[in-house]
Amino acid sequence: MNRLLLIIWIAFPLSMQGQKSLEYWSGQIPAATVWSADTIVITGNIFVPSGVILTIEPNVLVIVDSASGFYVDGHIHAIGNPEYPVIFTIPDTTGFWDTNYAKDVWKGIRFEPESSGADSSVFEYCQIGYSRSSPETQGIHGGIFLEGRQRVRISNCLIHNHDAKVDGGGLVCITSSPIVENSDFHSNRAGNYGGGLYIDTCTLPLITGNRILKNQSRVRGGGIYSHISSAIIQGNTIADNKCFYLIPGIPASYGGDGAGIYLDDYYGGATVINNIIIMNQSAGAAIYESTYSSVIAGNLIANNAFIGIMAGNSFSQSRYYNNTIALNHGAAAILAGGFQQWENNILWNNSTAYPLANLHFLTDTPWVSYSFMNELFTGPGTGNIQGNPGFMSPCPVNGLTPLAWSADWRLKPGSVCIDAGNPSTTGMPLPVLDLDGNQRIAGGRIDMGAYEFPQTQGVAEAATARIGGLFPNPCRAHPQLRLEDKGGGQVWLFDILGHLVYQGHHYDGDELPLSGLDPGIYFYRIRSRGGYLFSKKWIKQ
């Protein structure tokens, strides 16, 4: 197909600081193409041939002005920066989610299988939004579609407002092994599976440090759907996602499961560690785990509707360690059977909609040891306790509530859950750090729940400060940066919708001028001079 290229230079007033450039593109991309114009308008399908790299520089706005898409046999290097991201969008987003929206919109970025295994494609500091697929064309699509791609990296991106009529809203990964890190998946939808991310037959895809918020599917996986994939889902905030559909012929009856995460693998499993999973809503569970051998460890699973965890594989040997499962508007967990192992968990004040508010098992009784529950567990296991778990500031309301964002599920001094976990953690696939970035075992014995109590009592944040963070947390005015790297680091602060509200370079001990921010939940990223990047939650009171 021929390439159409037109360059137009438009003169702006001096107040605009010079000229703005505009290019029109469609067709096949030549070798060594670099898009550096201020605005790139796409008027037809873009084809990136095998062996060709399309480079997109910072601050480029890509407007797809047709019902076309990107079809990639080669590679894309779209690398922006925090101040000047690369943006993919449509000319007019008004009414995009209206049922009568009739405008043709683009089909996203589709990567075809690549055989060499040397894929160098990267999206960094990109904002990619407003694509739509239909059942008649490419129902499984996503804003970005990866098939047979082993080394694609998506980092510090915003993937938002994509509409897949069948499966895969924001990102689709099929037989691929991408790294997806420190990115936002927001307001994406899928007709069936995987509102935010759809993962199928992938080997060790890494999903880490992301915020997966307000995505929606109808049948499975409002936030993430993973099928026959050894996915590593680590350190993400997965919140306010939905999974619902109306059951035909039965008034006011709904289906849909795995509002936060749906795992499906009868012969293998995934690794789900150190995630915050709150405020997700479905007719089933926040996590639906139908696998043979997953590891679910170190997660906070709270204030979801309906159930916290549903383990649906009757032959499951999955392992659940050090989770805090609280105030879900349904049982903490319902187990279909199998031989699951539960250790060091806190199951507290979940709904009494079932005979047991915490573990409700349908057939085989699981092995439960060194865990806290409201009611005494009488099945196999040892070291279980009752009483008051002693949280710092738990949410006062069960189920869906905005108050879930400001709850503090750390253990306070004197908690019965401190040093109450299994004295021997040999063989447990535990993360090195807890949900707060502290050393997972402090004081010689592991605690129960997702948060380890720092043994340097009096300065609870000291254990985290060896890596970095903002303290105190929560804070009313000016938090202080604690950073082990004395060369300082770059700090970015985002609100709950992913909007950048502050950035700056600071050193250990600096106070950040954040008193003007509204109270609420924020997420910050810190990149130290030594190159270490991490993301955490900060609460402004």
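Only a predicted model underlies this, so the values are computations on that prediction, with no experimental measurement involved.

**Description of the overall build of the protein**
Line of reasoning, step 1. Tallying secondary structure elements over the protein gives one helix and 53 strands in all.
Line of reasoning, step 2. Expressed as a percentage of the 541 residues in the protein, the buried residues total 58%.
Line of reasoning, step 3. Taking as baseline every contact in the protein between residues at least 6 positions apart, the subset at least 24 positions apart corresponds to 65%.
Line of reasoning, step 4. Accessible surface, the protein as shown: approximately 20,700 Å² in total, 53% of it carbon and sulfur.

**Digging into the confidence of the model for the protein**
Line of reasoning, step 1. Mean pLDDT over the protein stands at 85; residues scoring 70 or higher make up 87%.
Line of reasoning, step 2. Of all the helices and strands in the protein, strand β1 (residues 4-10) carries the lowest mean pLDDT, 31, while strand β25 (residues 224-227) carries the highest, 98.
Line of reasoning, step 3. Segment residues 1-18: pLDDT under 50, and 37 contacts once partners within four positions in sequence are set aside and those in other chains are kept.
Line of reasoning, step 4. Scored below 50 in pLDDT, residues 457-466 makes 19 contacts in the model with residues more than four places away or belonging to other chains.

**So, the pairing of strand β5 (residues 53-56)**
Line of reasoning, step 1. Because side chains alternate across β5, one face comprises the buried residues L54 and I56, and the other comprises I53 and T55, none of which is buried.
Line of reasoning, step 2. Across three bridges, the pairing between strand β3 (residues 33-35) and β5 is parallel. Bridging across to β5, T33 finds its partner in L54.
Line of reasoning, step 3. Pairing between β5 and strand β8 (residues 75-79): four bridges, direction parallel. Following the sheet pairing, T55 is matched in β8 by H77.

**What to know about the side chain of S217**
Line of reasoning, step 1. The topology assignment puts S217 in strand β24 (residues 216-217).
Line of reasoning, step 2. A polar side-chain atom of S217 sits 3.4 Å from the main-chain amide nitrogen of G222.
Line of reasoning, step 3. Leave out the neighbours within four places in its chain, and S217 touches A190, N192, Y193, G194, G195, G222, K242, C243 and F244.

**Describing the nonpolar core**
Line of reasoning, step 1. Of all hydrophobic cores here, the largest spans 72 residues; its most connected members are W35, F70, I76, I109, F123 and W342.
Line of reasoning, step 2. Beyond its immediate chain neighbours, meaning those up to four positions away, I76 contacts L54, I56, F70, I109, F111, S121, V122 and F123.

**Comments concerning the pattern of salt bridges**
Line of reasoning, step 1. Applying the stated rule across the entire model yields 11 salt bridges.
Line of reasoning, step 2. In this structure, R153 and E181 form a salt bridge, with 3.8 Å as the shortest nitrogen-oxygen distance. With a gap of 28 residues between them, R153 in strand β14 (residues 153-155) and E181 in strand β18 (residues 179-181) connect regions that are remote in the sequence.
Line of reasoning, step 3. A residue is classified by how much of its surface remains accessible, and R153, at 27% relative accessible area, is partly exposed.
Line of reasoning, step 4. Ionic pairing is found between R220 and D264, a salt bridge with its closest N-O pair at 3.5 Å. Here the residue R220 occupies a position in the loop between β24 and β25, and D264 occupies one in strand β31 (residues 261-265), the gap between them amounting to 44 residues.

**What about the environment of T203?**
Line of reasoning, step 1. The residue T203 is located in the loop between β21 (197-200) and β22 (206-208) in this model.
Line of reasoning, step 2. Given a relative accessible area of 52%, T203 falls into the exposed group.
Line of reasoning, step 3. Each C-alpha atom, one on T203 and one on S176, is 6.7 Å from the other, the two residues being 27 residues apart in sequence.
Line of reasoning, step 4. Leaving out residues up to four positions away in the same chain, T203 has contacts with S176, S177 and S230.

**Description of the side chain of D408**
Line of reasoning, step 1. With respect to the helices, strands and loops of the structure, D408 is situated in strand β47 (residues 408-411).
Line of reasoning, step 2. Residue classification places D408 among the buried residues on the basis of a relative accessible area of 9%.
Line of reasoning, step 3. At a separation of 2.9 Å, a polar atom in the side chain of D408 contacts the side chain of R410.
Line of reasoning, step 4. Once residues within four sequence positions are removed from consideration, D408 is found in contact with F391, M392, S393, P394 and P474.

**Description of the packing of aromatic side chains**
Line of reasoning, step 1. Scanning the model with the defined rule gives 19 aromatic pairs in all.
Line of reasoning, step 2. Taking the centre distance of 6.2 Å and the plane angle of 75 degrees together, the rings of W35 and F70 count as edge-to-face. Of the two residues, W35 is situated in strand β3 and F70 in strand β7 (residues 70-72); the sequence distance between them amounts to 35 residues. There is no split in this pair, since W35 and F70 are both buried.
Line of reasoning, step 3. Where W348 meets F391, the ring centres are 5.5 Å apart and the plane angle is 70 degrees; that geometry is what we call edge-to-face. In this pair, W348 sits in strand β42 (residues 346-348) while F391 sits in strand β46 (residues 391-393), placing the two residues 43 residues apart along the sequence.
Line of reasoning, step 4. Accessibility expressed as a relative area gives 13% for W348, which makes it buried.

Parameters and conventions
- Residues numbered from 1 in each chain as written.
- Predicted model: local features only at pLDDT ≥ 70, side-chain atom pairs only at ≥ 80, totals over all residues.
- Heavy atoms only, no water.
- Helix = DSSP H or I, 4+ residues; strand = E, 2+ residues; numbered from the N terminus.
- Buried < 20%, exposed > 50% of the residue type's maximum accessible area, 1.4 Å probe, protein only.
- Contact = heavy atoms within 4.5 Å.
- Areas by Shrake-Rupley, 256 points an atom, 1.4 Å probe, with all protein chains shown as cover.
- pLDDT = per-residue confidence, 0-100.
- Pairing = 2+ DSSP bridges.
- Polar contact = N/O pair within 3.5 Å; in protein donor to acceptor, adjacent residues only side chain to side chain.
- Core = buried A, V, L, I, M, F, W, Y, C linked by side-chain atoms within 4.5 Å.
- Salt bridge = Lys/Arg side-chain N within 4 Å of Asp/Glu carboxyl O.
- Phe/Tyr/Trp six-rings, centres within 6.5 Å; stacked < 30°, edge-to-face > 60°.

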